[in-house]
Amino acid sequence: MTSPLIVSIGFGAMARSLAASLEKGGSGLRLGGFLLPEHLPTDAPAGMRRWNSVDDLIAARPDLVIECATHAAVRETVPQLLEAGIDVVIVSIGALGDAGTVARIEAAAKTGRARAIAVSGAIGGLDVLRSARLAGLDSVAYIGRKPPIAWKGTPAERLLDLPNLKEATVFYEGDAVEAARDYPKNTNVTAAVALAGLGFQNTKVRLIADPAASGNTHELEAKGAFGSFHILLNNKPLPENPKTSWLAALSVEQAVLRHFSSLEV
């Protein structure tokens, strides 16, 4: 039996982590290649194929594509793949904070009879949140706490002296719309919570830089007709990228395994 062709959009830390983890696992699945524009140089393991254009990738008819790139890839590339009947796992789910992007993805998936799968990322409890939403939610809040280095390259760098921070400092407090827009590589968890619960505008977000933090901490609080719950996860960062929780990378691998499993639990 031929192994399925699994391809990533992009080949950064997340895709490399997925490739290595699948290779070590016993599922028999592997990342067979990646899509990356020709002008972006990168090295790739032997036996892994590279596609430079979406059209060429579509012609290869992959069984599953994992978007590990940018919000722009979700807006522009993912709909093309879905229209062509190719299932896509979306990692940069902060892009789904834009209603127009969501509408394009839904229309493309319907046209191609394909599935767009948003990963849960580094947070847990989304199954509970989705269930609770059916009875009615009163409030949903997400609190993200990371070491200062994890916020480097984001607007937090303009608000705080990250290298010399002495104590935990809240630098963002608002809704998930602005959080997903301004911190796209750090707050995909925010988007996952918003999609599972009250939506982007009604999800409260607090982001914290904490020099005492050894990893990335994610908290989820919700209240509604069902009652209330509070979940806290202390995640180690992905070794290749301190901005990303290791659990986020594992959630991508789990989405791939579930996609090809005959039984989902």
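Enquirer: Outline the overall build of the protein chain, listing residues and values.
Expert: If you tally the helices and strands in the protein chain, you get nine helices and 13 strands. Rg of the C-alpha trace for the protein chain: 18 Å, near the compact-globule value of 18 Å for 265 residues, within the 12% margin. Projected onto its principal axes, the C-alpha coordinates of the protein chain cover approximately 50 × 45 × 35 Å. Expressed as a percentage of the 265 residues in the protein chain, the buried residues total 48%. With the model as given, the accessible surface of the protein chain reaches about 13,000 Å², and the carbon-plus-sulfur share is 51%. Each charge class in the protein chain can be summarised by its mean position, and for the 26 positive and 27 negative side chains these summaries are 1 Å apart.

Enquirer: I'd like a rundown of unusual backbone geometry, residues and numbers included.
Expert: Generally, phi is negative for residues other than glycine and the peptide bonds are trans, each holding for most cases. Positive phi values are uncommon outside glycine, yet arginine 61 reaches one of about 55 degrees. Structurally, arginine 61 is set in the loop between helix 2 (54-60) and strand 4 (64-67). Even without a glycine there, the phi angle at arginine 113 is positive, about 55 degrees. Assignment of secondary structure puts arginine 113 in the loop between helix 4 (99-112) and strand 6 (116-118).

Enquirer: I'd like a rundown of the pattern of salt bridges, residues and numbers included.
Expert: Tallied over the entire structure, the rule returns four salt bridges. Across the pair arginine 16 and aspartate 43 runs a salt bridge, and its minimum N-O distance is 3.1 Å. Here arginine 16 is found in helix 1 (residues 13-24), whereas its partner aspartate 43 is found in the loop between strand 2 (31-35) and strand 3 (49-51), with 27 residues between them in sequence. According to the relative accessible area criterion, aspartate 43 is exposed, its value standing at 54%. Between aspartate 210 and arginine 145 there is a salt bridge, and its shortest N-O distance comes to 3.1 Å.

Calculation criteria
Residues numbered from 1 in each chain as written. Predicted model: local features only at pLDDT ≥ 70, side-chain atom pairs only at ≥ 80, totals over all residues. Heavy atoms only, no water. Helix = DSSP H or I, 4+ residues; strand = E, 2+ residues; numbered from the N terminus. Rg over C-alpha atoms; globule rule 2.2 N^0.38 Å. Buried < 20%, exposed > 50% of the residue type's maximum accessible area, 1.4 Å probe, protein only. Areas by Shrake-Rupley, 256 points an atom, 1.4 Å probe, with all protein chains shown as cover. Lys, Arg positive; Asp, Glu negative; His and termini not counted. Charge placed at Lys NZ, Arg CZ, Asp CG, Glu CD. Salt bridge = Lys/Arg side-chain N within 4 Å of Asp/Glu carboxyl O.

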